[in-house]
Amino acid sequence: MIKTVYVIAGPTATGKSELAISLGNKINGAVINSDSMQVYKNLKILTARPSSSEMKNIDHHLYGFVNGSERYNVERWCNDATEIIKKISANNLTPILVGGTGLYINTLINGLIDLPPIPEKIKIESEKILQEFGKDFLINQIKNIDPDSLKDINHNDIVRLRRIWEVFESTGKKFSEWKLNKNKKFITNYKFKILLFLPDREKNYQVVNSRFVNMIKVGAVEEVKKLLELDLHDSLPVMRAHGVPEIKKYLANESSLEECIGKGQQVTRNYVKRQHTWWNSSNLDISQKFDKFPSEIDVNSIKIDWFQTKL
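Residue positions are counted from 1 within each chain, in the order its sequence is given. For this predicted model, a pLDDT threshold of at least 70 governs which residues receive local features, and a threshold of 80 or more governs which side-chain atom pairs are given and counted, while totals over whole chains, interfaces and linings are taken from all residues. Based on all heavy atoms of the structure, the side-chain values leave hydrogens and waters out of the count.

### Notes on the pairing of strand β4 (residues 94-99)
In step 1: Using a 1.4 Å probe on the protein chains alone, a residue whose accessible area is under 20% of its type maximum counts as buried, one over 50% counts as exposed, and one in between counts as partly exposed. Strands here mean DSSP runs of E at least two residues long; helices mean DSSP runs of H or I at least four residues long; both are numbered from the N terminus. Within β4, 6 of the 6 residues are buried, which leaves it mostly tucked inside the rest of the structure.
In step 2: Side-chain alternation along β4 places T94, I96 and V98 on one buried face and P95, L97 and G99 on a second face that is also buried.
In step 3: Two strands qualify as a pair provided DSSP detects at least 2 bridges between them. As paired elements, strand β1 (residues 3-9) and β4 share 4 bridges and run parallel to each other. Residue pairing for β4: I8 is matched across the bridge by V98.
In step 4: As judged from the 5 bridges shared by strand β2 (residues 29-33) and β4, these two strands associate in the parallel manner. Across the sheet, G29 pairs through a bridge with T94, a residue of β4.

### Overview of the pattern of salt bridges
In step 1: The rule for a salt bridge is simple: a side-chain nitrogen of Lys or Arg has to be within 4 Å of a carboxyl oxygen of Asp or Glu. Counted according to the given criterion, the structure contains 8 salt bridges.
In step 2: Residues E120 and R71 are paired through a salt bridge, measuring 2.7 Å at the closest nitrogen-oxygen approach. Here the residue E120 occupies a position in helix α4 (residues 120-133), and R71 occupies one in the loop between β3 (60-61) and α2 (74-90), the gap between them amounting to 49 residues.
In step 3: On the accessibility criterion, R71 (15% relative accessible area) is buried.
In step 4: Of the charged contacts in the structure, one is a salt bridge between R162 and E127, with a shortest N-O distance of 2.8 Å. In this pair, R162 sits in helix α6 (residues 158-171) while E127 sits in helix α4, placing the two residues 35 residues apart along the sequence.
In step 5: Here R162 falls in the buried class, since its relative accessible area comes to 7%.
In step 6: Judged by relative accessible area, which is 7%, E127 ranks as buried.

### Points about the nonpolar core
In step 1: Ranked by internal contacts, the top residues of the largest apolar core, which has 49 residues, are L46, W77, L97, L108, F192, V244 and I247.
In step 2: Considering each element in turn, this core owes the most residues, 7 residues, to α2.
In step 3: The contact criterion used is simple: two residues touch if any of their non-hydrogen atoms lie within 4.5 Å. With sequence-adjacent residues up to four places away left out, L108 is seen in contact with W77, C78, T82, I85, L97, F186, I187 and F192. Residues belong to a common nonpolar core when they are buried Ala, Val, Leu, Ile, Met, Phe, Trp, Tyr or Cys residues joined through side-chain atoms within 4.5 Å.

Dropping the structure here:
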């Protein structure tokens, strides 16, 4: 029998985690994090990681288990998630993936281009180019080495732009040529049931704004202060989490708290906009799509496989 993996997906600040718990109680499930920042143990507040009380009555996996000094990535997550999914299924529980990182979900389902690892010094160099010369300079560099790779991506997608440059710099081979290789598959013999939540974007922005203010109130500044004490390189993913660069400037007296909050809200809203765009243009097979927040729907309205309902 092919088992089902449920996916609760959509932009940040929509309340996906709460719904995952409700669904888990209904279908005897366990929750697996698919948010690229909630994996880091150093950032609990700024990444809106579920609280200990929320995780108390249902198993949660892949939350806060990676040191910020590490460069966790999509391939590592896919390997970790695959292992967890198999263990959960073997224990007769239903896996429920929850998070806003569409790249993680897409890669787990469709596989990954089998690339050699990129050396840390190359990643630092691409970050340096971006910071010193800007995005347009990086795009022009790519036009000279691999213009074909630019055809398939949004030119505002900094992560993918850097990846194209890094692959060529470290391997001497174009990213567009690597893409011709057969994808590395992570998991088979599972059916993915994607529940996509795309509520009104303006309402989503309002939630983002109020949530960021609350994060500041409950200790986000102190959290970033402790992170900065580790003296990590700015190119590491944890140092680019929404709110970290903004609070860092505030702690360095380069901005006021009001400016810090305003900028933190702005960068998060921009991320929400990109997430809406990504999911609207995604080729993934969506089982159910909702134009509401997860909190606005009844878990009973979710179509589930009858054999996975708790007896």
